[in-house]
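Analysis of the macromolecular model
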Amino acid sequence: MEDCLAKKMEITVSEAEKRTGRNAMNIQETYTAYLIETRAVESQSEGQCAPVDSLWRRYSEFELLRNYLSVTYPHIVVPPLPEKRADFVWHKLSADNMDPDFVERRRIGLENFLLRVASHPILCQDKIFYLFLTQEGGWKEMVNETGFQLKADSRLKALNATFRVKNPDKRFTELKHYSDELQSVISHLLRVRARVADRLYGVYKVHGNYGRVFSEWSAIEKEMGDGLQSAGHHMDVYAASIDDILEEEEHYADQLKEYLFYAEALRAVCRKHELMQYDLEMAAQDLTSKKQQCEELATGTVRTFSLKGMTSKLFGQETPEQREAKLKVLEEQIQEGEEQLKSKNLEGRDFVKSAWADIERFKEQKNHDLKEALISYAVMQISMCKKGIQVWTNAKECFSKM
């Protein structure tokens with residue numbers, strides 16, 4: 001971890017800007033651009049003020065970077081991006097992806113994504129990632145030149161592997177079930193939180209009604225007027241604080257959402273392993289078939305029914321020369337198949353070893369992050385309740401002085 005990019009470079013997404021331009025179809029569109037600022041840490045430690053490098057990136061470029069990383073490093077649980085459009089929001093909050101509050105939370109999420117990648121022991125060393133941070137012009141062309149799209153597995157192929165693997169690895173099967181459960185639990189938690197936020201909003205607005213009633217009442221009461229006015233003021237201040245509080249709540253919700261999206265990153269690693277296992281099984285099956293054909297040709301006996309065998313019976317046997325040529329081709333194919341199978345076995349073992357090491361790293365990170373987020377959320381709720389108690393304590397003192 002000492003060599004990771006996050007230790008050598010300060011990375012921030014400092015600003016978001018609404019822009020208008022034309023897309024590839026020459027249609028005018030409105031989008032948000034994000035300012036990435038980087039600064040070398042080494043020169044700062046030497047007492048020098050390092051210059052800040054900056055460039056603008058669109059959300060679609062962040063998506064391209066993540067797709068590249070996912071394809072290039074299939075054994076790694078690649079950090080997810082923040083959501084493109086707001087989901088699991090309480091109904092008083094805008095779900096518009098151009099809403100300033102949502103754009104601000106997405107800015108924080110994009111910065112967190114870059115810091116996650118920069119802190120990863122393997123991803124941080126990737127040249128394309130470094131150029132994403134430091135070179136604005138021509139970056140897309142460089143990504144496409146890597147040919148990563150050609151390495152991407154099709155959804156149909158992945159689905160086929162899921163249903164046709166005969167000997168799935170128990171650990172990856174359990175991991176897939178775990179990722180499904182993690183996504184389900186966090187989705188439920190976010191829905192409950194949104195309902196609680198709605199009710200909380202209602203409670204705060206009731207305090208606003210109290211404030212209005214007390215203020216109006218104070219206007220017609222001479223002796224009790226000052227006390228009612230003061231109590232109303234406390235209620236108004238408390239009611240006005242709800243927007244800031246629920247915006248802070250959304251920050252904790254975004255921390256949970258990150259792990260909601262991490263669940264899909266875990267499943268992506270499982271799918272890749274299934275594909276490799278499926279290819280290995282197909283290669284082993286093909287090799288067994290060729291060995292059987294070779295044995296049948298060598299002995300002249302056919303163990304299984306085949307159209308070719310039936311044809312030879314009907315139209316006569318092959319000449320010794322033809323059979324010898326076929327045997328030679330089959331032997332070469334068997335040799336190639338054995339080497340391929342050996343290579344696939346080795347590749348599979350390396351994948352499992354690398355993937356499991358990264359999964360263990362991810363689990364440790366997840367436990368730490370979710371523990372911190374949930375504790376902070378609990379502390380915030382306690383603080384909110386204490387403020388509510390203090391408001392009514394102040395109101396009680398106001399009433400006592402009347």
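Model, not experiment: these values are computed from the prediction.

**Overview of a nonpolar patch on the surface**
Residues V206, Y210 and W392 make up a contiguous nonpolar surface patch of roughly 270 Å² in combined accessible area. Locating Y210 in the fold gives a position in helix α9 (residues 170-218). Among the residues examined, Y210 registers a relative accessible area of 37% and is labelled partly exposed.

**Some remarks on the packing of helix α3 (residues 59-72) against helix α5 (residues 127-134)**
Running from amino to carboxyl end, α3 crosses α5 at an angle of 165°, the nearest separation of the two axes being 10 Å. As summarised for this structure, α3 and α5 are arranged roughly antiparallel, according to the angle between their axes. Handedness of the α3/α5 crossing: left-handed. The segment α3 lies against α5, with E61, F62, L65 and Y68 engaging I128, F129 and F132. Of the residues assigned to the contact of α3 with α5, the class counts are six nonpolar, no polar and one charged.

**Brief notes about the layout of surface pockets**
Its volume calculated, the largest pocket comes out at about 1100 Å³. A total of eight residues in the lining of the largest pocket trace back to one element, the largest contributor, which is helix α11 (residues 242-299). Taken together, the residues that form the lining of the largest pocket break down as 16 nonpolar, five polar and ten charged.

**Section: a negative patch on the surface**
A contiguous patch of negative charge on the surface is contributed by E321, E324, E331, E332, E336 and E339. On the secondary structure map, E339 appears in helix α13 (residues 320-400).

**Brief notes about the packing of aromatic side chains**
The final tally for this structure, using the stated rule, is 13 aromatic pairs. With a centroid separation of 5.6 Å and 75° between ring planes, the pair formed by F214 and F399 is classed as edge-to-face. Of this pair, F214 sits in helix α9 while F399 is found in helix α13, placing the two residues 185 residues apart along the sequence. The partly exposed category is assigned to F399, whose relative accessible area is 29%. Ring geometry for Y262 and F362: centres 4.9 Å apart, planes at 50°, overall tilted. Remark: F362 occurs in helix α13 and Y262 occurs in helix α11; sequence separation between them is 100 residues. Of the two residues, Y262 and F362, both sit in the buried class.

**Notes on the environment of E15**
Take E15: it is sitting in strand β1 (residues 9-22). Separated by 88 residues in sequence, E15 and V103 have C-alpha atoms that sit 9.8 Å apart.

Rules of the game
Residues numbered from 1 in each chain as written. Predicted model: local features only at pLDDT ≥ 70, side-chain atom pairs only at ≥ 80, totals over all residues. Heavy atoms only, no water. Patch = residues over 30% accessible without salt bridge, like charges linked within 9 Å, V, L, I, M, F, W, Y side chains within 5 Å. Areas by Shrake-Rupley, 256 points an atom, 1.4 Å probe, with all protein chains shown as cover. Salt bridge = Lys/Arg side-chain N within 4 Å of Asp/Glu carboxyl O. Helix = DSSP H or I, 4+ residues; strand = E, 2+ residues; numbered from the N terminus. Buried < 20%, exposed > 50% of the residue type's maximum accessible area, 1.4 Å probe, protein only. Axes fitted to C-alpha atoms, helices over the stretch in contact; angles between N-to-C directions. Parallel < 35°, antiparallel > 145°, perpendicular 65-115°, else oblique. Left-handed = near helix turned anticlockwise from the far one by under 90°. Contact = heavy atoms within 4.5 Å. Nonpolar A, V, L, I, M, F, W, Y, C, P; charged D, E, K, R; others polar. 1 Å grid on protein atoms, 1.4 Å probe; cavity = no way out; pocket = protein on both sides within 12 Å on 5 of 7 lines; lining within 4 Å. Points joined across faces, edges and corners; volume = space filled by probe spheres on them. Lys, Arg positive; Asp, Glu negative; His and termini not counted. Charge placed at Lys NZ, Arg CZ, Asp CG, Glu CD. Phe/Tyr/Trp six-rings, centres within 6.5 Å; stacked < 30°, edge-to-face > 60°.

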